Every structure is written in C-alpha cells, then in structure tokens.
Amino acid sequence: MTRARQPLVDALKVLAAQCIVWHHLSAYGPLSDALWTQAPALADALYDHARKAVQVFLVVGGFLAAGTLLRPTDGRLLRTAVLQRYRRLVPPFLVAMALAAGMATLLRPWLSDDLRLQSATPGTWLAHALLLHDIVEVPAIAAGAWYVAIDFQLYALVAGLAWIATQLAPAPRRNVLALALLIGCIAVSLLHVNRHPDLDLWALYFIGSYGLGVLAAQAVRGPRWPWSMAIVAIGAAALAVEWRDRIALSLGVAVLLAGWARPGTPGSASTDPASFAPRSQASGAASKWARGWAARLTAAVAAGMATGADRSYALFLTHYSAVLVGNAALARWPALAAHAWALATGCWAASLLLAWAFEHAVERPLARRLR
C-alpha cells in the first residue's frame, strides 16, 4: 500500500544537508581561508551556524526511527531492526570512506595538512567498520564520520530502551514504559550530559535532541496537544538550566514536526508525486487551469524535495571528496583564490552530482543486495 511521505521532513533533510556541505567548505583548507578573506561575515555564519544543522538531522532521525523502535512486541524484532540499521548505514559509509581516502591519496601533493589522510592501516578501517573510530581515538578518514557512529548509537540506545520495556511490561503497557525510559534519558542528557562537550563521543550526549524527535512522532500519532506541551516543557527546562543554541534549534524543529507533520507513519514513502499535491480549496472564481497549475507545481516541488531527502545520506557521505578536490584545485592554481565563492559553489554542485551517482551506483545496489 502506498502511503504519503512527510514533505516537512523531506524539506528539513534537504536544507540540513546543504548546510553541512557549506559548513565544511568554510571549515577546511585554503579554500576556507579564501572564503573568509572575501566575505568574512558570510563565511563566519556558515562555519558557526550551518553546522548546527546536525541538530535537525538528530531530531528528524528520532522522528523517523520512532515507528520502528517503539512498536515491536518482542526483542527479536528489535535486534533485527538494529542489524538492519547497521546494514543501512555502514556499507555505503565504508565505500564513501574509501572514495575519500583514494581522493586524499591522489591529491596529497596539493592538500594542506588538515586535509591529508592521517591513517589508512587495517586498524583504521576496522575501527570505522565498527563505528568506534572516535572512541578508540583513530583519526577519521573524512569529515562527518563521527555522525554515522552517533546515529547508530542513538538507534541502538532507543532500541535497548524498547527491549527493556518488552521484558518488564505486558504488551499493552510496553510503549508507555519505553517512552517513560526515553524521557528519563532525555532529561539526563539535556540537564547534565549535554552540558559537557567532552562526552560527545556517546549517544547519551545527543539523546536529548534525538529523543525530542521521537516524542514529536508520538505527537503526530496523537494526541498532539499533550505531547507537544511535553516537548516544550522538556526543552524549556533544559534551556532554563543552560541556554544552548543547538538545543533551542532542536526544540524548534521538534515543535515544528509535532505541530505540522502529517498523521500516519513517519518516514513512509510514496512513489506518486501527485500524492504531494494539496486538495484545492479555491473558490469558484478561481480557474480550473490555475488550480491545476498550482497542484502540478506543488507536486513537482514536493517530489524534488523527496528526491533530495532520499539522497541526503549519499550527499552527507560523499561531499568531503568534492571539498578535497576544490582545495587541491586552489592549491594547484592559486589564481582561483580571486573566485573562491565561485569555486565553492562549483564544489557544492559537484557534491550534488556525486551524491546522485553514489546513490544510484552504490547505495541502492548495496541496499538491494543486503536486504
């Protein structure tokens, strides 16, 4: 059965993915220096604020995971879900790391020290395959590798809470107990753990934002009002203890999803672009042609957002290779520094093209094989 997508979720994922690309363009190598020289205010905004898009991914990740993790009735289904999550994340992640490592090796003569590959031993690859690279202090092969590990930790943590609920409560109360345990973790995270950046290797540091996304999914399933108020109360308490811009952003995204995301299964997909078109409420004076044109335009925009959202993981994984190419080009041809923003825009466009190729040639085939 075809179910409607979540256009709001799609739009958030697309926007956040672009922000991460531009943050890394403003953060690494001589290209970032050139951007700061030509437009320091804009480069500073991209560096300081665009990276906060990670919070959007965290909240959206919890929102999309809620339906899978909080409804299984036995531990076997939860273990299967965690394994499937690992299969979803890690194989394309390792291919993207191989691409970044190959690019860094090929371009090494033109790369600055912060962009050169620090380690490519078997231990390095094993640590990345197990998503333990930060924990065992192995240098990451590419920027953003830490997030893949944290995403899996968060998914496994919520699955673990749901498993505990299956062991302690009868079926009708399991969801309630799982949510109660999750709210406890959210409170511990936002009121204490998240205030200590040295703990950011662990899921408990980020479970506050991720858990707000789970609660937003509960609000969408209903009743909206009590769950939305719970989200606001938890977020407000955390910000009262210590103001953190990233938590304020997480709270805003969670409230947005809780109030305006569509009812139904979060994250379910539709292959019919027409399903994104709103039902026309136009008055009789509006022409049939105008209504049809507006519906087609809305459907086209929503379908484009859906495609971009489906490609956001590929973009997140592969854009670092485009950042390497842009920095190597600037080192090879210093005159390009006068056109640094044009070069960065070209890197961004190349990232989008690379993500399209990666999704079609790597991510989808791997998903089919591992299914």
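Residues numbered from 1 in each chain as written. Predicted model: local features only at pLDDT ≥ 70, side-chain atom pairs only at ≥ 80, totals over all residues. Heavy atoms only, no water.

Per an unreviewed UniProt entry, the protein chain is named Acyltransferase family protein, and its organism is Tepidimonas fonticaldi.

Trainee: How would you sum up the overall build of the protein chain? Please name residues and give values.
Mentor: Regarding its fold elements, the protein chain presents 14 helices and zero strands. The N-to-C order of helical and strand elements in the protein chain reads α-α-α-α-α-α-α-α-α-α-α-α-α-α. The C-alpha atoms of the protein chain give 22 Å as radius of gyration, which agrees with the globular expectation for 371 residues (21 Å, within 12%). Counting only C-alpha atoms and orienting by the principal axes, one finds that the protein chain spans roughly 65 × 60 × 45 Å. A separation threshold of at least 6 residues defines the contact pool for the protein chain, and within that pool the share at least 24 residues apart is 76%. Where the 31 positive side-chain charges of the protein chain centre and where its 18 negative ones centre are 14 Å apart. (Helix = DSSP H or I, 4+ residues; strand = E, 2+ residues; numbered from the N terminus. Rg over C-alpha atoms; globule rule 2.2 N^0.38 Å. Contact = heavy atoms within 4.5 Å. Lys, Arg positive; Asp, Glu negative; His and termini not counted. Charge placed at Lys NZ, Arg CZ, Asp CG, Glu CD.)

Trainee: An account of the nonpolar core is needed here, citing residue identities and associated values.
Mentor: Leu-31 and Leu-257 are the most contacted members of the largest nonpolar core, which totals 106 residues. Here Leu-257 is in contact with Leu-8, Val-9, Leu-12, Val-59, Val-60, Phe-63, Ala-216, Val-220 and Arg-224, once residues within four sequence places are set aside. (Core = buried A, V, L, I, M, F, W, Y, C linked by side-chain atoms within 4.5 Å. Buried < 20%, exposed > 50% of the residue type's maximum accessible area, 1.4 Å probe, protein only.)

Trainee: So what's going on with the packing of helix α1 (residues 7-25) against helix α12 (residues 288-310)? Which residues, and what values?
Mentor: Between α1 and α12, the least distance of the axes is 8 Å, while the angle of their chain directions is 55°. On the basis of their axis angle, the class for α1 and α12 is oblique. For the element pair α1 and α12, the recorded crossing hand is left-handed. On the side of α1, the interface is formed by Asp-10, Ala-11, Lys-13 and Val-14, while α12 contributes Met-305, Ala-306, Gly-308 and Ala-309. Its residues assigned to classes, the contact of α1 with α12 comprises five nonpolar, one polar and two charged. (Axes fitted to C-alpha atoms, helices over the stretch in contact; angles between N-to-C directions. Parallel < 35°, antiparallel > 145°, perpendicular 65-115°, else oblique. Left-handed = near helix turned anticlockwise from the far one by under 90°. Nonpolar A, V, L, I, M, F, W, Y, C, P; charged D, E, K, R; others polar.)

Trainee: Describe a nonpolar patch on the surface, with residues and values.
Mentor: Taken together, Leu-126, Leu-130, Leu-132 and Val-136 make up a surface patch of nonpolar side chains, about 350 Å² in accessible area. In this structure, Leu-130 sits in the loop between α6 (122-129) and α7 (145-168). A residue is classified by how much of its surface remains accessible, and Leu-130, at 47% relative accessible area, is partly exposed. (Patch = residues over 30% accessible without salt bridge, like charges linked within 9 Å, V, L, I, M, F, W, Y side chains within 5 Å. Areas by Shrake-Rupley, 256 points an atom, 1.4 Å probe, with all protein chains shown as cover. Salt bridge = Lys/Arg side-chain N within 4 Å of Asp/Glu carboxyl O.)

Trainee: So, the packing of helix α5 (residues 75-106) against α6: which residues are in play, and what are the values?
Mentor: Describing two packed helices takes the angle between their axes plus the distance from one axis to the other. Their axes nearest at 10 Å, the elements α5 and α6 cross at an angle of 145°. Crossing handedness for the pair α5 and α6: right-handed. Facing α5, whose interface residues are Tyr-86, Val-90, Phe-93, Leu-94, Met-97, Ala-98 and Ala-101, α6 presents Trp-125, His-128 and Ala-129. Each residue belonging to the contact of α5 with α6 can be placed in one class, and the counts come to nine nonpolar, one polar and no charged.

Trainee: Quick rundown of the packing of aromatic side chains? Include the residues and the values.
Mentor: This structure, assessed with the given rule, holds eleven aromatic pairs. A centroid spacing of 6.2 Å and a plane angle of 50° characterise the contact between Phe-57 and Tyr-147, whose relative ring orientation is tilted. Highlighted residues: Phe-57 in helix α4 (residues 53-69) and Tyr-147 in helix α7, separated in sequence by 90 residues. Across the pair, exposure class does not vary: Phe-57 and Tyr-147 are buried alike. On the basis of an interplanar angle of 70° and a centroid distance of 5.6 Å, the ring pair of Tyr-86 and Phe-152 is categorised as edge-to-face. With a gap of 66 residues between them, Tyr-86 in helix α5 and Phe-152 in helix α7 connect regions that are remote in the sequence. Put simply, the rings of Phe-57, Trp-146, Tyr-147, Tyr-205, Phe-206 and Phe-316 touch in pairs and so form one group of aromatic residues. (Phe/Tyr/Trp six-rings, centres within 6.5 Å; stacked < 30°, edge-to-face > 60°.)

Trainee: Tell me what's going on with the pattern of salt bridges, and back it up with residues and numbers.
Mentor: Per the counting criterion, the structure on display carries eight salt bridges. Between Arg-88 and Glu-363 there is a salt bridge; the shortest N-O distance is 2.8 Å. Separated by 275 residues along the polypeptide, Arg-88 in helix α5 and Glu-363 in helix α14 (residues 340-370) bring together distant segments of the chain. The salt bridge involving Asp-113 is made with Arg-116; its shortest N-O contact spans 3.2 Å.

Trainee: Report on the environment of Asn-327, specifying residues and quantitative values.
Mentor: Among the secondary structure elements, Asn-327 is positioned in helix α13 (residues 312-332). Residues Asn-327 and Leu-31 lie 296 residues apart in sequence; the distance between their C-alpha atoms is 5.4 Å.

Trainee: Explain the UniProt feature "transmembrane region" (unreviewed entry) in the protein chain to me, using residue names and the numbers behind them.
Mentor: Following the UniProt record, one finds the feature "transmembrane region" (unreviewed entry) at residues 90-111, 176-194, 201-219, 313-333 and 339-358. Its end C-alpha atoms 25 Å apart, residues 176-194 is made of 84% helix and 0% strand. (UniProt positions renumbered as here; feature names shortened; annotations may be inferred.)

Trainee: Could you give an account of the confidence of the model for the protein chain, with specific residues and numbers?
Mentor: Residues of the protein chain with pLDDT of at least 70 account for 92%, and the chain-wide mean is 90. Across the protein chain, α13 holds the top mean pLDDT of 97, while α12 sits lowest at 82. Counting contacts from residues 267-283, a segment whose pLDDT is below 50, to residues more than four positions away or on other chains yields 34 contacts. (pLDDT = per-residue confidence, 0-100.)

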